[in-house]
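The lines below spell out each chain.
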Amino acid sequence: AQKVTQAQTEISVVEKEDVTLDCVYETRDTTYYLFWYKQPPSGELVFLIRRNSFDEQNEISGRYSWNFQKSTSSFNFTITASQVVDSAVYFCALSEASFSGGYNKLIFGAGTRLAVHP
Amino acid sequence: EAQVTQNPRYLITVTGKKLTVTCSQNMNHEYMSWYRQDPGLGLRQIYYSMNVEVTDKGDVPEGYKVSRKEKRNFPLILESPSPNQTSLYFCASSMGHSEQYFGPGTRLTVT
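Read on for an overview of the structure.

### Notes on the overall build of chain B
Point 1. When helices and strands are counted, chain B shows zero helices and 11 strands.
Point 2. Ordering the α and β elements of chain B from the N terminus gives β-β-β-β-β-β-β-β-β-β-β.
Point 3. C-alpha extents for chain B along the principal axes are approximately 35 × 30 × 25 Å.
Point 4. Going through the 111 residues of chain B one by one, you find that 50% of them count as buried.
Point 5. For chain B, the accessible area works out to roughly 5,200 Å², and carbon and sulfur atoms hold 50% of it.
Point 6. Measuring between centres, the 12 positive side-chain charges of chain B sit 7 Å from its 10 negative side-chain charges.

### Examining the side chain of serine 74 of chain A
Residues and elements named next belong to chain A.
Point 1. Its place among the elements puts serine 74 in strand 9 (residues 74-79).
Point 2. Within the structure, the side chain of serine 74 is placed 2.9 Å from the side chain of threonine 72, a separation counted as a polar contact.
Point 3. Non-local contacts of serine 74, meaning those with residues more than four positions away in its chain, are made with Cys23, Val24, Tyr25, Asn67, Phe68 and Gln69.

### Structural notes on the sheet that holds strand 3 (residues 19-25) of chain B
Residues and elements named next belong to chain B.
Point 1. With respect to topology, four strands assemble into an open sheet ordered 1-3-8-7, the strand pairing being antiparallel. Two strands bound the open sheet, and with one partner strand each, they are strand 1 (4-7) and strand 7 (65-66).
Point 2. Two elements, strand 1 and strand 3, share four bridges in a ladder whose sense is antiparallel. The partner of threonine 5 across the bridge, within strand 3, is serine 24.

### Things to note about the interface of chain B and chain A
Point 1. Each partner contributes residues to the interface: chain B has 23 residues there, and chain A has 24 residues.
Point 2. Regarding the contact of chain B and chain A, the summed buried area is about 1,900 Å², with carbon and sulfur atoms giving 56% of it.
Point 3. Put simply, chain B and chain A have zero salt bridges between them.
Point 4. Run the count over chain B and chain A and you get three residue pairs in polar contact (both at pLDDT 80 or more).
Point 5. Counting only elements with at least two residues in the side of chain B that touches chain A, the list comes to strand 4 (31-38), strand 5 (42-51) and strand 9 (87-94) of chain B.
Point 6. Class assignment for the residues of the side of chain B that touches chain A results in 11 nonpolar, 10 polar and two charged.

### Some remarks on the pattern of salt bridges
Point 1. The tally for this structure, following the rule as stated, stands at seven salt bridges over all chains.
Point 2. Close ionic contact of aspartate 86 of chain A with arginine 63 of chain A constitutes a salt bridge, the shortest N to O distance being 2.8 Å. In this pair, aspartate 86 of chain A sits in the loop between strand 9 and strand 10 (88-96) while arginine 63 of chain A sits in the loop between strand 7 (59-61) and strand 8 (64-69), placing the two residues 23 residues apart along the sequence.
Point 3. Since its relative accessible area comes to 25%, arginine 63 of chain A is described here as partly exposed.
Point 4. Put simply, arginine 36 of chain B and aspartate 38 of chain B hold a salt bridge, and the shortest N to O gap is 2.8 Å. Neither residue differs from the other here; arginine 36 of chain B and aspartate 38 of chain B are each classed as buried.
Point 5. Overlapping salt bridges bring together Arg51, Asp55 and Glu59 of chain A as one network.

The rules behind each value
Residues numbered from 1 in each chain as written. Chains lettered and ligands numbered in written order. Predicted model: local features only at pLDDT ≥ 70, side-chain atom pairs only at ≥ 80, totals over all residues. Heavy atoms only, no water. Helix = DSSP H or I, 4+ residues; strand = E, 2+ residues; numbered from the N terminus. Buried < 20%, exposed > 50% of the residue type's maximum accessible area, 1.4 Å probe, protein only. Areas by Shrake-Rupley, 256 points an atom, 1.4 Å probe, with all protein chains shown as cover. Lys, Arg positive; Asp, Glu negative; His and termini not counted. Charge placed at Lys NZ, Arg CZ, Asp CG, Glu CD. Polar contact = N/O pair within 3.5 Å; in protein donor to acceptor, adjacent residues only side chain to side chain. Contact = heavy atoms within 4.5 Å. Pairing = 2+ DSSP bridges. Buried area = accessible area lost by both parts, 1.4 Å probe. Salt bridge = Lys/Arg side-chain N within 4 Å of Asp/Glu carboxyl O. Nonpolar A, V, L, I, M, F, W, Y, C, P; charged D, E, K, R; others polar.

Here it is, written out as structure tokens:
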């Protein structure tokens, strides 16, 4: 069965520290998609990244980077030089291509609450 | 501007009083879905729709109904709300396996 585990419930760091949010997934599909979303205190869900299962290349976007490793079924997210504005709940999610002919059902992890202190 | 809208954003109601949360998207997306967010559980899918008049249950459909009479609208109906349906609700739309666009959320409290 498909599952996403975010073992870190809460992380607290001081500004400018680097922080890595872990995401481990389970799926039997060979084709799937992984996502990260950010939920700031205002409550909306902000899309950060989408990665398909055939693309293991790591990605960097400014201070954000993602490490996708199929061998360990992980899709970890690192924030470099964290800032107070990074404080939010971060969700990792999985979508399987075989579900209902391609429908994008997202299976979410429980989320990791990141608090960045000045 | 591409967006998903939900109304109302906040709702406090009493047990048993029927309510509807509206959801509308302007991106001509085929797929729409409803999720509820609860502490420690992340977001869980309630219902989804692959096109007009095509809907199906997600992981936690009990106590909810939906309809898809037009492509842009996907209302969530609670015919007899109960306190365990107090939650934060999100509507989302997408095309295939592309990014899902989420609405701003509806915080529902049932007393």
